[in-house]
Amino acid sequence: MGVFYLRKGFVRLYNISADGKELSLIIFKPEDIFPLMWAINNTSNNHYVEAMTAVELWRCPKNQFVSFLKENPEVFFTLMQGMLIRFDALLERMEQLVFGNAYQKIASIVYLCCERFGVLEGTNMVIPLSLTHRDIASLIGVTRETVSIEIKKLEKKKILEYRGRLVVVRDAKRLRRESLLTIEY
């Protein structure tokens, strides 16, 4: 085992319930480092990891990684910033899972993927990994069929479309308004 730096591609961290349902917890993107909880806190990792695309991973032994962080506090600070961004996204996902209906949950998770992975192409944001309806269902705990129904609503409103297997967000501001992510405190 070791600490991995994702040089290229996308990897998901997920778990499977006793009745066989998958729940995707995190999608790692290029330049992400994992498993940090194990590396820094020695927390057991009881999750599965799966490449979603072709990947290039670099591996570092845990003790060397921790030593490097201790000797380079600016790198640790940068790593902490990324962890806090991911923690904020996790809090948003918790809100949408608890408070939202299926439509809002789907709009929220697609918006979060757009925000985290999206690549600007003209006025559109393209999510550069295949996000199937099954993948989206796994991210928010609904059925694939429900995702298909709700995605059709977003397509009819011309908020998003599929280009092959890629999600193209045509109106990110409107997608955010359709989600629960507009809650202000």
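Residues numbered from 1 in each chain as written. Predicted model: local features only at pLDDT ≥ 70, side-chain atom pairs only at ≥ 80, totals over all residues. Heavy atoms only, no water.

In this section: the overall build of the protein chain. Regarding its fold elements, the protein chain presents 7 helices and 10 strands. Relative to the globule expectation of 16 Å for 185 residues, the C-alpha radius of gyration of the protein chain, 17 Å, shows essentially globular dimensions. For the protein chain, the spread of C-alpha atoms along the three principal axes comes to 50 × 40 × 40 Å. Residues classed as buried in the protein chain amount to 36% of the 185 residues present. Across the protein chain, the fraction of contacts at a sequence separation of at least 24, relative to all contacts at a separation of at least 6, is 65%. Carbon and sulfur atoms make up 57% of the accessible area of the protein chain, which amounts to about 10,900 Å² in all. Averaged over its 26 positive side-chain charges, the protein chain has a centre that lies 4 Å from the centre of its 21 negative ones. (Helix = DSSP H or I, 4+ residues; strand = E, 2+ residues; numbered from the N terminus. Rg over C-alpha atoms; globule rule 2.2 N^0.38 Å. Buried < 20%, exposed > 50% of the residue type's maximum accessible area, 1.4 Å probe, protein only. Contact = heavy atoms within 4.5 Å. Areas by Shrake-Rupley, 256 points an atom, 1.4 Å probe, with all protein chains shown as cover. Lys, Arg positive; Asp, Glu negative; His and termini not counted. Charge placed at Lys NZ, Arg CZ, Asp CG, Glu CD.)

Right, let's talk about the sheet that holds strand β1 (residues 3–8) for a bit. With antiparallel pairing, the 3 strands of this open sheet are ordered in space as β4-β1-β6. The open sheet is flanked by β4 (33–34) and β6 (56–60), the only strands paired with a single partner. (Pairing = 2+ DSSP bridges.)

Right, let's get into the packing of helix α4 (residues 102–117) against helix α6 (residues 144–156). Packing of α4 against α6 leaves a shortest axis separation of 9 Å and a crossing angle of 75°. Comparing the axis directions of α4 and α6 gives the class roughly perpendicular. Side by side, α4 and α6 meet where A102, Y103, I106, A107 and V110 of the first sit next to T146, V147, E150, I151, K153 and L154 of the second. Split by residue class, the contact of α4 with α6 holds 8 nonpolar, 1 polar and 2 charged. (Axes fitted to C-alpha atoms, helices over the stretch in contact; angles between N-to-C directions. Parallel < 35°, antiparallel > 145°, perpendicular 65-115°, else oblique. Nonpolar A, V, L, I, M, F, W, Y, C, P; charged D, E, K, R; others polar.)

Compared with the 22 Å implied by 1.5 Å per residue over 16 residues, the 22 Å span of α4 between its first and last C-alpha is a close match. Regarding α4, the residues found buried are Y103, K105, I106, A107, S108, I109, V110, Y111, L112, C113, C114 and F117. For α4, the N-terminal cap is N101; the gap from its side-chain oxygen to the backbone nitrogen of Y103 is 3.1 Å. (Expected span 1.5 Å × (residues − 1). Polar contact = N/O pair within 3.5 Å; in protein donor to acceptor, adjacent residues only side chain to side chain.)

According to the stated counting rule, one finds 5 aromatic pairs in the structure shown. Between F10 and F117 the ring centres are 5.5 Å apart and the planes differ by 90°, which places this aromatic pair in the edge-to-face class. Of this pair, F10 sits in the loop between β1 and β2 (11–16) while F117 sits in helix α4; the two residues are 107 residues apart in sequence, bridging distant segments of the chain. Comparing F10 with F117 shows no difference in burial state: the two are buried. (Phe/Tyr/Trp six-rings, centres within 6.5 Å; stacked < 30°, edge-to-face > 60°.)

Here the focus is the nonpolar core. Counting 28 residues, the largest nonpolar core has V110, I127 and I136 as its most contacted members. Mapped onto this core, the elements with two or more residues apiece are α4, β8 (124–127), α5 (133–140), α6 and β10 (166–169). At 10 residues, the largest contribution of residues to this core is made by α4. Within the second largest apolar cluster, 7 residues are counted, among which are W38, F65, L69 and L79. (Core = buried A, V, L, I, M, F, W, Y, C linked by side-chain atoms within 4.5 Å.)

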